[in-house]
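This is what each chain is made of:
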2 protein chains.
Amino acid sequence: MTDLKKALMARVQPDLEAIEAALHDNLTPHLELVREVAGHILFSGGKRLRPLLMVLSARVCGYGGNFDRTFSVIFEYLHAATLLHDDLVDGARLRRGKPVAHTVWDNSTAVLTGDFLLARALSIAVRTQHHGIIEIIAGITEEMSQGEIHQLSRIGDLGLSEADYFQIIRCKTAVLFQGACRVSALLADAPKAEETALADYGYHLGIAFQIADDLLDYTAQTQALGKTVGADLREGKLTLPVIHALAAADEPDRQCLEAIIKNTDFSESEFQTLVGLLDKYQSLKYSTEMAAGHVAQAKAALGFFDVSPARETLEMIADYALERKA
Amino acid sequence: MTDLKKALMARVQPDLEAIEAALHDNLTPHLELVREVAGHILFSGGKRLRPLLMVLSARVCGYGGNFDRTFSVIFEYLHAATLLHDDLVDGARLRRGKPVAHTVWDNSTAVLTGDFLLARALSIAVRTQHHGIIEIIAGITEEMSQGEIHQLSRIGDLGLSEADYFQIIRCKTAVLFQGACRVSALLADAPKAEETALADYGYHLGIAFQIADDLLDYTAQTQALGKTVGADLREGKLTLPVIHALAAADEPDRQCLEAIIKNTDFSESEFQTLVGLLDKYQSLKYSTEMAAGHVAQAKAALGFFDVSPARETLEMIADYALERKA
């Protein structure tokens, strides 16, 4: 564990414990099976980043109520729902080193449990009785499903542009981060400018996290990642490093890259050739710099608020986005 | 077409046209693909029963606004979302005589388009800014997913009781009918007693419709049904006629029934043997009478309202539940 991660974990420990308890308390399914399947995805070592962002954002806005922890589970339930559906979409076998729900149970159970978590998240949102909050949360779900469909429809498409990529990751990742930060301002009845600042923070953090996540597919070790390195490319999913390299490469290198990408059953040595080309065209560096740029923008957005422990923790989370290894 | 259906269709034609237009106008996806997949399930000859119930219920309550038709699409979108997910869960190939979405496209696209429709429905609900309405609609989705999981978890379970069956169909079917009728009272700002009367009507109608639907699997012709007769049983899905027969049969007949049910690859002649036993133990008659009882309760609930064309149409819909052939 890095020093930053250690310091961060120490700061957020009490919040994480409260979030963990709230995740259990708010599930309330009729059926034991739903609890088991939902629990399999919910209680398998997730970082709880999204609920944590919500709780910290509320604190930055001076929220004094006691609904923030209950409310924060919305963002983990939504996240878990999309993981259940996406793992099925991607044909994934492992998540955080554990077999995914649709292999432990079956596709149907995974789909329906995802639906339940989605609905449960919305029911908790309704309990705020705050129209703006409910609207944002319903909107997040619309954007996320469309982001996933967009990504799916462009599988194996070598013409995927950087703009397409950013549109996809905005929908599938950044809107949820953005929503988690933004609605806390509404919950706290904070001024519009605070809502905007937190929305900006969440948006840029989400983009940075997704770029970093996509980078890990080329830089991490399978064991640390808890899933197979190179998995994105095997699924025909082009992410920023590859999109950059394809655009930057000379003709022979581009043909070499294309040949490897088109053959989704590429060998380990072909994958290393590809990573070598990503290196040659500084595509990993470029992607890292893009992520760093968004981290800087996220932190800049926090400048709107007075310095406080919660603001510092949010800044540390932004820095952490760049150094995660899994 | 029966006389009742003809008369009913003539009465509701203008509403159906308005609903059809609203279903198109409110879809608003970012991507053409989402429009295509959602359109495949939405515009393939659905009866529009749920939005129609909502519009008619609002009229019975004297609703004078102009949001009812927009609002009614919620119930068709929710219905379509569950069909997309359920067809996948059931491994169905045909729906209304057309190949299902997950075979035309793929499982993933069907799942994600279902998610989009679910989210779209909730976003439209949010536009009412009516807390009670949004709460009911979020709750419907929770109940439906749990009903489907309950059904799925009891596949092939010969111990499924009549009480289990009614709990499943309440969740998977009746809560949506009930919700469509009930929220219209909220939209119309009607007194609580009217909300309760419409909720009762919708609940009993939903139960009757599902029993009738389950009966069709034993009584209809494949062509009229638009899917294969006996499909429920082949999927290991026990419905009221079979549950009744298993409980009523003598030992040899029960063993015969069990043998056919356990072999989900039963022949046409085995299926006819089973239907013969359903007949012998009056299980089809029993199920029809149960449906008729719920239709009577649905109509009785409408007695709370003064006679009006809208109330008459709702009564006709209840009667239609018993005579549909597909």
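About the thresholds
- Residues numbered from 1 in each chain as written.
- Chains lettered and ligands numbered in written order.
- Predicted model: local features only at pLDDT ≥ 70, side-chain atom pairs only at ≥ 80, totals over all residues.
- Heavy atoms only, no water.
- Helix = DSSP H or I, 4+ residues; strand = E, 2+ residues; numbered from the N terminus.
- Rg over C-alpha atoms; globule rule 2.2 N^0.38 Å.
- Buried < 20%, exposed > 50% of the residue type's maximum accessible area, 1.4 Å probe, protein only.
- Contact = heavy atoms within 4.5 Å.
- Areas by Shrake-Rupley, 256 points an atom, 1.4 Å probe, with all protein chains shown as cover.
- pLDDT = per-residue confidence, 0-100.
- Polar contact = N/O pair within 3.5 Å; in protein donor to acceptor, adjacent residues only side chain to side chain.
- Least-squares fit on C-alpha atoms with pLDDT ≥ 70 in both.
- Salt bridge = Lys/Arg side-chain N within 4 Å of Asp/Glu carboxyl O.
- Core = buried A, V, L, I, M, F, W, Y, C linked by side-chain atoms within 4.5 Å.
- Axes fitted to C-alpha atoms, helices over the stretch in contact; angles between N-to-C directions.
- Parallel < 35°, antiparallel > 145°, perpendicular 65-115°, else oblique.
- Left-handed = near helix turned anticlockwise from the far one by under 90°.
- Nonpolar A, V, L, I, M, F, W, Y, C, P; charged D, E, K, R; others polar.
- Buried area = accessible area lost by both parts, 1.4 Å probe.
- Phe/Tyr/Trp six-rings, centres within 6.5 Å; stacked < 30°, edge-to-face > 60°.

Peer 1: Can you break down the overall build of chain A residue by residue, with the values?
Peer 2: Helix and strand content of chain A: 16 helices and two strands. Expected size for 326 residues packed as a compact globule is a radius of gyration near 20 Å; at 20 Å, chain A falls within 12% of this value. Seen through its principal axes, chain A has C-alpha atoms that stretch 60 × 45 × 35 Å. Relative to its 326 residues, chain A shows a buried fraction of 61%. The contacts of chain A with a sequence gap of at least 6 include a subset with a gap of at least 24, amounting to 75%. In the form shown here, chain A has an accessible surface area of approximately 12,200 Å², with 50% of it arising from carbon and sulfur atoms.

Peer 1: Which residues make up the confidence of the model for chain A, and what values go with them?
Peer 2: Mean pLDDT over chain A stands at 90; residues scoring 70 or higher make up 96%. Across the interface, the model reports ipTM at 0.86; the global pTM reads 0.89.

Peer 1: Quick rundown of the side chain of B:His79? Include the residues and the values.
Peer 2: All names here are of chain B. Position of His79 relative to the elements: it lies in helix α4 (residues 68-90). Here the side chain of His79 touches Arg50 through a polar contact of 3.3 Å, side chain to side chain. If we ignore the near neighbours within four places in the chain, the residues touching His79 are Arg50, Arg96 and Leu176.

Peer 1: So what's going on with the relation of the copies chain B and chain A? Residues and values would help.
Peer 2: Once chain B is rotated about the relating axis by 180° and shifted along it by 0.0 Å, it coincides with chain A to within an RMSD of 0.0 Å. The transformation relating the two chain copies, once decomposed into turn and shift, fits a two-fold axis.

Peer 1: How would you summarise the pattern of salt bridges if you had to cite specific residues and measurements?
Peer 2: All names here are of chain A. Tallied over the full model, the rule gives 38 salt bridges over all chains. Note that Glu20 is salt-bridged to Arg48, the shortest N-O span being 2.8 Å. Linking Glu20 in helix α1 (residues 3-25) with Arg48 in the loop between α2 (32-42) and α3 (49-60), this pair joins segments that are 28 residues apart in sequence. In this structure, Arg254 and Glu258 form a salt bridge, with 2.5 Å as the shortest nitrogen-oxygen distance. In this pair, Arg254 and Glu258 both sit in helix α13 (residues 251-262), four residues apart, roughly one turn of the helix. The exposure class of Glu258 is buried, given its relative accessible area of 18%. Each member of the salt-bridge network shares a partner with another, and the members are Glu251, Arg254, Glu258 and Lys262.

Peer 1: Tell me what's going on with the nonpolar core, and back it up with residues and numbers.
Peer 2: Grouped together as the largest cluster of nonpolar side chains are 171 residues, with contacts concentrated most on A:Leu117, A:Tyr201, B:Leu117 and B:Tyr201. With near-sequence residues (within four places) excluded, A:Leu117 lies in contact with A:Leu27, A:Ala38, A:Ile41, A:Leu42, A:Tyr77, A:Ala80, A:Ala81 and A:Leu84.

Peer 1: Go over the environment of A:Val175 with me, naming the residues and quoting the values.
Peer 2: Residue and element names in this part refer to chain A. Inspection of the secondary structure puts Val175 in helix α8 (residues 162-187). A C-alpha to C-alpha distance of 26 Å links Val175 and Val229, two positions 54 residues apart in sequence. Every residue in contact with Val175, bar those within four places of it in the chain, is listed here: Ile140, Glu143, Met144 and Arg170.

Peer 1: Could you give an account of the side chain of B:Thr239, with specific residues and numbers?
Peer 2: Residue position: B:Thr239 is located in the loop between α11 (231-234) and α12 (240-248). For B:Thr239, the residues in contact, after removing those within four places along its chain, are B:Tyr165, B:Asp214, B:Tyr218 and B:Asp232.

Peer 1: For the packing of helix α9 (residues 192-219) of chain B against helix α16 (residues 309-323) of chain B, give the residues involved together with the corresponding values.
Peer 2: Residue and element names in this part refer to chain B. Taken N-terminus to C-terminus, the directions of α9 and α16 make an angle of 25°; their axes are 9 Å apart at the nearest point. Relative to α16, the element α9 lies roughly parallel. Pair α9 / α16 crosses with left-handed handedness. Here α9 contributes Tyr201, Leu205, Phe209 and Ala212 to the contact with α16, which in turn contributes Leu314, Ile317, Ala318, Tyr320 and Ala321. When grouped by side-chain class, the residues that make up the contact of α9 with α16 number nine nonpolar, no polar and no charged.

Peer 1: Kindly report on the interface of chain B and chain A, identifying the contributing residues and their values.
Peer 2: In this complex, chain B contributes 40 residues to the contact, which on the side of chain A involves 40 residues. For chain B, the biggest contributors to the area lost against chain A are B:Leu112, B:Gln146 and B:Ile149; these three give 17% of the whole. Note that B:Glu142 and A:Arg120 form a salt bridge whose closest N and O atoms lie 3.2 Å from each other. Put simply, chain B and chain A have eight residue pairs in polar contact (both at pLDDT 80 or more) between them.

Peer 1: Mind laying out the packing of aromatic side chains, listing which residues take part and the relevant values?
Peer 2: For the structure shown, the criterion picks out 16 aromatic pairs over all chains. Arranged with centres 5.9 Å apart and planes meeting at 80°, the rings of A:Phe71 and A:Phe75 form a pair that is edge-to-face. With a gap of four residues between them, A:Phe71 and A:Phe75 both fall in helix α4 (residues 68-90), about one helical turn apart. Of the two residues examined, A:Phe71 and A:Phe75, each falls in the buried class. Seen in terms of ring centroids, B:Phe266 and B:Phe271 are 5.8 Å apart; in terms of plane orientation they differ by 15°. Their pairing is stacked. An identical accessibility class is assigned to B:Phe266 and B:Phe271; each is buried. Three or more aromatic residues link up through ring pairs in this structure, and these residues are A:Phe67, A:Phe71 and A:Phe75.

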